[in-house]
Amino acid sequence: MPTLRCDQTPSWKQLLAHAQQHAQMPALSALFEQDAQRFQRFSFTAPAVFADLSKQQITTPVLDSLLSLARECQLETKRDAMFRGDEINITEGRQVLHTALRGGANSPHYNEVQGVLTEMLAYAEQIRNQPQITDIVNIGIGGSDLGPRMAVQALEPFTQTDKRYHFVSNVDGFDLASILQKLRPQNTLFIIVSKTFTTQETLSNAHSAKAWFEASGGTGLADHFIGVTTNIEAASAFGIQRTFGFWDWVGGRYSVWSAVGLVLAMAIGAKSFRAFLHGARQMDEHFMQTPLEHNVPVLLGLVDIWNRVFLQRSSRCVAPYHQGLARFAAYLQQLEMESNGKGVDILGNAVAYPTSATVWGEAGTNGQHAFFQMLHQGTDIIPVDFIIAKEAIYPAATLPDQVVNQLKAQHQILLANALAQSRALMIGKTREQALAEFAGKPSTGIDALTLAKHRTFPGNRPSTTLLLQNLSPESLGALIALHEHRTFTCGAIWNLDSFDQWGVELGKTLAKDLLPRFKTGQTENLDASTAELLKRIS
C-alpha cells in the first residue's frame, strides 16, 4: 500500500536530531539517578512476557518520536491488513496468515486450519501411543527445521520420555550419518518436511534415509515415512502415503504453528501443542488491540530501529539465560535476517537507511565465558537481549527430589548472573574503582595504573530484559509470536516486503549449474577462482 517513506517523515528528522545529541546524553546509570521512576516508565507487560527497556538508551522524547514514526508509517494499518488477509507479500502475491494458524473462530481460513490441526494432532497422539516407535527423525531445512528443532529442545520437560527426537537439515552427509547409526529401522519414523517436495537438501537426506531403511532390513516403508508437503504426487512417488499439508500463505520461517510442527506435537502432545498455539494467540491479541504506547512487540521493534538506524549499531546479541533456548538465537536469525535483510523497499526502490541488524548469541552462562568480553570492553557497542525465566521446570519425574532441589538452587545462580551482566554492561567500572580493588593475580611486571586501565569497563551499554514466569508451551508460543510481531514492526516502518526471500535463490540456482560440472570438469563461463577450486575438488 502507498505510504510515506520513513526517512521522509517529520519524526525521522526528529530522531536524527536526537541521535546527534546522543553523545551529550547522560549515561544510563545517571538517567536512573535522575529519574526514580525510570524502570516503571520503560517497562511493559504482555501475555507471558514482561519487558524491561529501562536499560536501553532511550528517553521519553526519543520514544515519543519513535511512536510518531510508527504512526506516520501507517504501522497500525499495515498490521490490520496482515490480520485481515490482504496480499501484503506483494512480490509473490500472497497473504501472510501464520496468525490464522493459532486464531479464533473469526480468523481467515478457520475451518481448513482446524481440519488439518485436528487430523495432525490425532496422528501425533497415535504415534505417541505406539511403543514400537522409539525414534522420530525430522528431515527439513530452514523454517522446516529451525522452529521445530528449537521448540522441541525448549520444551524438553514436557516431551514424552520413551521417544527420542532427531533433526537433520544439512546436506552434509555427516549430519544424517551421525543420527542413522543410533537407529533401528523398525523403531524409526521419518518426517520429510518440504512444501514443494523439491528442496535439494531435504530430498537428498530423504533419499539417503530411505536407502538406509531398505538396506538395513526395514519393511513397510509407508509406515515409517510420512510427508509434510503440498506435493502429494511427488511424495507418493517417493513411497509416502500419509501427508499433511500447509498453505502458500504460511512462510517457512513462520510455519512451526502448522503441520511443520508435527514433530513438536508428537513430542509434547495435543494438549500442550494447543497451549503453544494459545500463547501465540494471546500475543496476537495484544499486538492487535494494545495502544502503541504499551504494545510490547511494537516497542521492541521501535527500539531496534533506534539502535540500528539512528545509533548505527549493526548487530544485536540474544542471550537467553535458559539452556532450553540454546537454539533461540539461530531461530531468530532466520526470522529477522531473512525477513528484513533487504536492500529495496516494497516498491523496489533502494533504501537509504540500514535495515536488519545481525542477530547472534548463545545461552547464558556459556556466553559469559566466550563473547561477553567483547560486549563489555570491545570497541563496538552491541545491544543485548537477556531472556530469563523466574521459575525452572525440570523433568522432575526422572530425577530424585534432592537433585531437583539442588537444580533449583542452581537456577538462582543463573538468574543472579543474568541480572549481574545487564547491570555490569550499564554501570561499568571506572579506573579509580579498578585501582582501589584487589586485582587477583596480575603479572608482577605491570604497574598498578596500567593494570587498572585493562580492568576498566566503559559501561553505558544498552540491554533489554525479557522475563517469563517459566518456559512452558504457552509462554514459548507467546515469546515466538512476540518476536514475529517485533520483526513485522521493523519491516513495516522500513516499508519492506518482510515475507519474501529472493536472496536465498541465487545460490541455489548457481549450485544447480555447478553440480554437473563435478562430473564433466567443464569450467566455461566461471570466474577464475571458482574454476580453479572446481578443478582441485573434482
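Note that the structure is predicted; figures quoted are calculated from it, not measured.

## Topic: the pattern of salt bridges
Enumeration over the complete set of coordinates arrives at 22 salt bridges. With a closest N to O distance of 2.5 Å, Arg5 and Asp7 form a salt bridge. For Arg5, a relative accessible area of 29% gives the class partly exposed. By relative accessible area, which is 18% here, Asp7 ends up buried. Note that Arg149 and Asp145 form a salt bridge whose closest N and O atoms lie 3.0 Å from each other.

## Things to note about the UniProt feature "active site" (unreviewed entry) in the chain
Per the UniProt annotation, the sites labelled "active site" (unreviewed entry) are Glu338, His369 and Lys508. In sequence the annotated residues extend across 171 residues, and in space they extend as well, their farthest C-alpha pair lying 36.8 Å apart. Structurally, Glu338 is set in helix α14 (residues 328-340). For Glu338, a relative accessible area of 22% gives the class partly exposed. Excluding its chain neighbours within four sequence positions, the residues that come into contact with Glu338 are Arg253, Gln333, Asp500, Gln501 and Val504. Among the polar contacts made by the side chain of Glu338, one reaches the side chain of Arg253 at a distance of 2.8 Å. Residue position: Lys508 is located in helix α20 (residues 505-514).

## Re helix α12 (residues 262-289)
Compared with the 40 Å implied by 1.5 Å per residue over 28 residues, the 30 Å span of α12 between its first and last C-alpha is markedly short. Along α12, the sharpest kink reaches roughly 115°, centred on Gly269.

## Overview of the packing of α12 against helix α19 (residues 473-494)
Two quantities define a packed helix pair, namely the angle between the axes and the distance from one axis to the other. Two elements in contact, α12 and α19, have axes separated by 7 Å at closest approach and are oriented at 40°. When you trace α12 past α19, the crossing you get is right-handed. Where α12 approaches α19, its residues Ser272, Ala275, Phe276, His278, Gly279, Ala280, Gln282, Met283, Asp284 and Phe287 are matched on the opposing element by Pro473, Glu474, Leu476, Gly477, Ala478, Ile480, Ala481, Leu482, His485, Phe488 and Thr489. In terms of residue class, the contact of α12 with α19 is made up of 12 nonpolar, seven polar and two charged.

## Thoughts on helix α9 (residues 200-215)
Across its 16 residues, α9 extends 22 Å between first and last C-alpha, which sits within 8% of the 22 Å expected from 1.5 Å per residue. Buried residues of α9: Thr202, Leu203, Asn205, Ala206, Ala209, Lys210, Trp212 and Phe213, and no others. With its phi angle positive at about 90°, Gly217 sits one or two positions after the end of α9.

## Things to note about the nonpolar core
Leu262, Met266, Phe273, Phe328 and Leu476 are the most contacted members of the largest nonpolar core, which has 114 residues in total. In terms of residue count, the dominant contributor to this core is α12 (14 residues). With sequence-adjacent residues up to four places away left out, Phe328 is seen in contact with Met150, Val318, Ile387, Leu479, Ile480 and His483. Among the nonpolar cores identified, the runner-up in size contains 20 residues, and Leu183, Ile192, Leu203 and Phe238 belong to it.

## Thoughts on the pairing of strand β10 (residues 384-389)
Every regular strand shows the same layout, with side chains that alternate between the two sheet faces. Within β10, six of the six residues are buried, which leaves the element mostly enclosed by the surrounding structure. In β10, alternate side chains face the same way, and those of Val384, Phe386 and Ile388 on one face and Asp385, Ile387 and Ala389 on the other are all buried. In terms of strand pairing, strand β8 (residues 315-320) meets β10 through four bridges, oriented parallel. Bridging across to β10, Pro320 finds its partner in Ile387. Two elements, β10 and strand β11 (residues 463-468), share six bridges in a ladder whose sense is parallel. Considered in β11, the bridge of Val384 is made with Ser463.

## Brief notes about the packing of α12 against helix α13 (residues 296-310)
Axis separation between α12 and α13 bottoms out at 8 Å; the angle between their running directions is 70°. When the interaxial angle is binned, α12 and α13 end up roughly perpendicular. Note on element contacts: α13 touches α12 through Val296, Pro297 and Val298, opposite Met283, His286 and Phe287. Here the contact of α12 with α13 is built from residues that sort into five nonpolar, one polar and no charged.

## Some thoughts on the sheet that holds strand β6 (residues 225-228)
Across the sheet, which stays open at both edges, the five strands sit in the order β4-β3-β5-β6-β7 with parallel pairing between neighbours. With partners counted over all chains shown, the strands left at the sheet margins are β4 (164-168) and β7 (243-244), one partner each. Two strands pair when backbone bridges link them, and strand β5 (residues 188-193) and β6 are joined in this way by four bridges, in the parallel orientation. Residue pairing for β6: Ile191 is matched across the bridge by Ile226. Contacts from α9 reach β3 (135-139), β4, β5 and β6, with the element oriented near 160° to β5.

## Quick notes on the side chain of Ser255
Take Ser255: it is sitting in the loop between β7 and α12. Here Gly252 takes part through its backbone oxygen, which lies 2.6 Å from a polar atom of the side chain of Ser255. Other than its neighbours up to four places away in sequence, Ser255 contacts Gly143, Val250, Val260 and Gly261.

## Side note on the domain arrangement of the chain
Along its sequence, the chain is carved into domain 1 (98-274) and domain 2 (504-537). Each of domain 1 and domain 2 has a C-alpha centre, and these two points are 33 Å apart.

## Some remarks on the sheet that holds β10
Here we have six strands laid out as an open sheet, ordered β1-β2-β11-β10-β8-β9, and mixed in their pairing. A strand with exactly one partner marks an edge of an open sheet, and here the two such strands are β1 (43-46) and β9 (358-361). With strand direction ignored, the average angle separating the axes of adjacent strands in the sheet is 20°. Across four bridges, the pairing between β8 and β9 is parallel. Residue Cys317 lies in a different strand from β9, and its bridge partner there is Trp360. Contacts between helix α16 (residues 401-427) and the sheet are confined to β10 and β11, with β10 contributing the most and set at about 155° to the helix. Each of β2 (49-52), β8, β10 and β11 touches α19; the most contacted strand, β11, lies at about 145° to it.

Rules of the game
Residues numbered from 1 in each chain as written. Predicted model: local features only at pLDDT ≥ 70, side-chain atom pairs only at ≥ 80, totals over all residues. Heavy atoms only, no water. Salt bridge = Lys/Arg side-chain N within 4 Å of Asp/Glu carboxyl O. Buried < 20%, exposed > 50% of the residue type's maximum accessible area, 1.4 Å probe, protein only. UniProt positions renumbered as here; feature names shortened; annotations may be inferred. Helix = DSSP H or I, 4+ residues; strand = E, 2+ residues; numbered from the N terminus. Contact = heavy atoms within 4.5 Å. Polar contact = N/O pair within 3.5 Å; in protein donor to acceptor, adjacent residues only side chain to side chain. Expected span 1.5 Å × (residues − 1). Bend = angle between axes of the 7 residues up to and from the residue. Axes fitted to C-alpha atoms, helices over the stretch in contact; angles between N-to-C directions. Left-handed = near helix turned anticlockwise from the far one by under 90°. Nonpolar A, V, L, I, M, F, W, Y, C, P; charged D, E, K, R; others polar. Core = buried A, V, L, I, M, F, W, Y, C linked by side-chain atoms within 4.5 Å. Pairing = 2+ DSSP bridges. Parallel < 35°, antiparallel > 145°, perpendicular 65-115°, else oblique. Domains from an automatic or database assignment.

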